[in-house]
Amino acid sequence: MLNVVIFGAPGSGKGTQSELIIKEYGLDHISTGDVLRSEMKNETELGKIAKDYIEKGQLVPDDLIVNMLAKVLDSKENSKGVIFDGFPRTIPQAEALKKMLNERGTDVSIMLNLQVDEDELIKRLLERGKISGRSDDNLETIKSRLEVYHKQTAPLADFYVKEGKHTAIHGMGTIEEIFGRIQEAINALN
Ligand code: AP5
Ligand code: MG
């Protein structure tokens, strides 16, 4: 199995690059952000809880996310591999992912860490906010998402360095240029 963790700050291009990776490598996609937004839209219990965190730009508690992910992962049995987008975001989530994959006889193959300048991130998210309808694409929430990313999520890079899975990807330039760098990294795995 080819299991890819796509990692990076809000607006770094995780969702955009995931779509291209899925097409090229035939992987399944799990975006915890997308799952949460769908729960919010359907006004489920989880959606109602998640809404407050998402609108403040804070992380949804680990136990809720890990339970949610386990269910989605079980629905992807017999898959060629999975791209994890926006998960893990904390050390406990990374440990839980490792355990879940190991129990299924597999592991993370590579972690792609998209590196994008802060002003470019803000520019992209404000631009997207004009059309996305996402309740967190406004300047105030973007700022807190970036702060949360630096404090709680960025330190996770070290976890994957220690696992020997970390690959930094220069995330500036055109979507195609960045995808080229990602393909090089994935193709170098075999
Ligand atoms: P999530 O949905 O994961 O959002 P995020 O991390 O803030 O990232 P985005 O989806 O905003 O950006 P992206 O990196 O996917 O970039 P994109 O490709 O869209 O999480 C939302 C919230 O849910 C969190 O804040 C948290 O509350 C909660 N949550 C989710 N997962 C969680 C977890 N595991 N634990 C706890 N809480 C969790 O690109 C952005 C824009 O830029 C797009 O408009 C795109 O078209 C454009 N763009 C992309 N590439 C380029 C380029 N090269 N040049 C110019 N524009 C570009
Ligand atoms: Mg995204």
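Look up: the structure comes first, before these words.
Scoring rules and cut-offs
Residues numbered from 1 in each chain as written. Chains lettered and ligands numbered in written order. Predicted model: local features only at pLDDT ≥ 70, side-chain atom pairs only at ≥ 80, totals over all residues. Heavy atoms only, no water. Near = heavy atom within 4 Å. Polar contact = N/O pair within 3.5 Å; in protein donor to acceptor, adjacent residues only side chain to side chain. Areas by Shrake-Rupley, 256 points an atom, 1.4 Å probe, with all protein chains shown as cover. Helix = DSSP H or I, 4+ residues; strand = E, 2+ residues; numbered from the N terminus. Nonpolar A, V, L, I, M, F, W, Y, C, P; charged D, E, K, R; others polar.

**Q** Can you walk me through the site of ligand 1 in this structure?
**A** Around ligand 1, the structure places 31 residues, and the nearest of them are T16, Q58, R89, R128 and R145. Here a nitrogen atom of ligand 1 sits 3.4 Å away from a polar atom, N or O, in the side chain of R124. A distance of 3.0 Å separates a nitrogen atom of ligand 1 from a polar backbone atom of G173. Protein coverage of the free-state accessible area of ligand 1, which is 1000 Å², stands at 87%. If you list the elements that add at least two residues to the shell around ligand 1, you get α1 (14-25), α2 (32-41), α6 (118-132) and α9 (175-187). With four residues, the single largest contributor to the shell around ligand 1 is α2. Here the residues of the shell around ligand 1 are counted per class, giving eleven nonpolar, twelve polar and eight charged.

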